[in-house]
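Descriptive analysis of the structure
Each chain, letter by letter, is given below.
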Amino acid sequence: MAGSDRMEIRKTDPGLSALRPLIEGNQSHGAAATSSESDHTFGVEDLRQPGVQFYAAFEAGIAQGCGAFKALSDGTAEVKSVFVCENARGRGLAHRLMEHLAREAAGAGFSALVLETGSELCPQYDAARALYERLGYAYCPPIEGYTEDPMSVFMRLPLLSEG
């Protein structure tokens, strides 16, 4: 993870021009990986909704990755828009972003992080599913706002212990 000690992850506005390549890269990836009916990728306006917290990772002042979570009515938070630019891949940045989102969501009192990602029918999401599994996410039924879809799988990571 060369350079990871210089990486800063901070809450920021997804509309900043410096973040445009990340947001557009994430949207392009989603559009290429699955059908339009199964693509749930957020754009800038979605990421600016109330209840969404957006974070970006910067190295030497340059945005290298991003991720967000959205509050759901059941006390969980949905992970959205985790993306790392191509030149920063392979250094553990997505792992760091996911851990950061989990810490922030837990600190905000959410009981779990949940997510939707591409199923085995979408090989472009193989690495994402493997990362989520390594982080302790377990497969679960569809989360709030989704229905069964062969192109999607749903995962959950408990944040706060029950009782």
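Predicted model only: the values in this text are computed from it and were never measured.

How each quantity is defined
- Residues numbered from 1 in each chain as written.
- Predicted model: local features only at pLDDT ≥ 70, side-chain atom pairs only at ≥ 80, totals over all residues.
- Heavy atoms only, no water.
- Buried < 20%, exposed > 50% of the residue type's maximum accessible area, 1.4 Å probe, protein only.
- Helix = DSSP H or I, 4+ residues; strand = E, 2+ residues; numbered from the N terminus.
- Arc of directions from axis to C-beta.
- Core = buried A, V, L, I, M, F, W, Y, C linked by side-chain atoms within 4.5 Å.
- Contact = heavy atoms within 4.5 Å.
- pLDDT = per-residue confidence, 0-100.
- Disulfide = S-S within 2.5 Å.
- Phe/Tyr/Trp six-rings, centres within 6.5 Å; stacked < 30°, edge-to-face > 60°.
- Lys NZ or Arg CZ within 6 Å of the ring centre and 35° of its normal.

Quick notes on helix 4 (residues 126–134)
Within helix 4 the residues assigned to the buried category are Ala128, Arg129, Leu131 and Tyr132. Projection of helix 4 onto a plane perpendicular to its axis shows the buried side chains occupying an angular sector of 160 degrees, all on one side. Exposed and facing more than 90 degrees away from the buried side of helix 4 are Ala127 and Arg134. Count one or two residues on from helix 4 and you reach Gly136, which has phi positive near 100 degrees.

Quick look at the nonpolar core
In this structure, Met98, Leu113 and Tyr137 are the most contacted members of the largest nonpolar core, which totals 43 residues. Other than its neighbours up to four places away in sequence, Leu113 contacts Phe69, Ala77, Val79, Leu101, Ala102, Ala105, Tyr137, Met155, Arg156, Leu157 and Leu159. Judged by nonpolar contacts, the second largest core, of five residues, contains Leu72, Val114, Ile143 and Phe154.

A short note on the confidence of the model for the chain
Low pLDDT means the predicted coordinates in that region are not meant to be read closely. Looking at the chain as a whole, the pLDDT averages 89, with 91% of positions reaching at least 70. Of all helices and strands in the chain, the one with the weakest mean pLDDT is helix 1 (residues 20–33) (78), whereas strand 6 (residues 138–140) scores best (98).

Digging into the environment of Arg103
Tracing the chain through its elements places Arg103 in helix 3 (residues 93–107). Separated by 56 residues in the primary sequence, Arg103 and Leu159 have C-alpha atoms spaced 8.5 Å apart.

Points about the state of the cysteines
Here the structure, examined in full by the defined rule, presents zero disulfides. The thiol of Cys85 is not disulfide-bonded; the next cysteine sulfur, from Cys66, is found 9.6 Å away. Classification of Cys85 as buried rests on a relative accessible area of 15%.

Quick word on the packing of aromatic side chains
Under the counting rule described, the total for this entry stands at four aromatic pairs. Here the aromatic rings of Phe69 and Phe110 are separated by 5.8 Å at their centres, their planes lie at 75 degrees, and the arrangement is edge-to-face. Taken together, the residues span a long stretch of sequence, with Phe69 in strand 3 (residues 62–71) and Phe110 in the loop between helix 3 and strand 5 (112–118) at a distance of 41 residues. Of the two residues examined, Phe69 and Phe110, each falls in the buried class. Seen from their ring centres, Tyr132 and Tyr137 are 5.8 Å apart, and the 55 degrees between their planes marks the pair as tilted. Judged on exposure class, the residue Tyr132 and its partner Tyr137 are both buried. Each residue in the set Tyr55, Phe69 and Phe110 is aromatic and connected to the rest through ring pairs, giving one cluster. In this structure, Lys80 is placed above the aromatic ring of Phe42, and the distance from its NZ or CZ to the ring centre is 4.3 Å.

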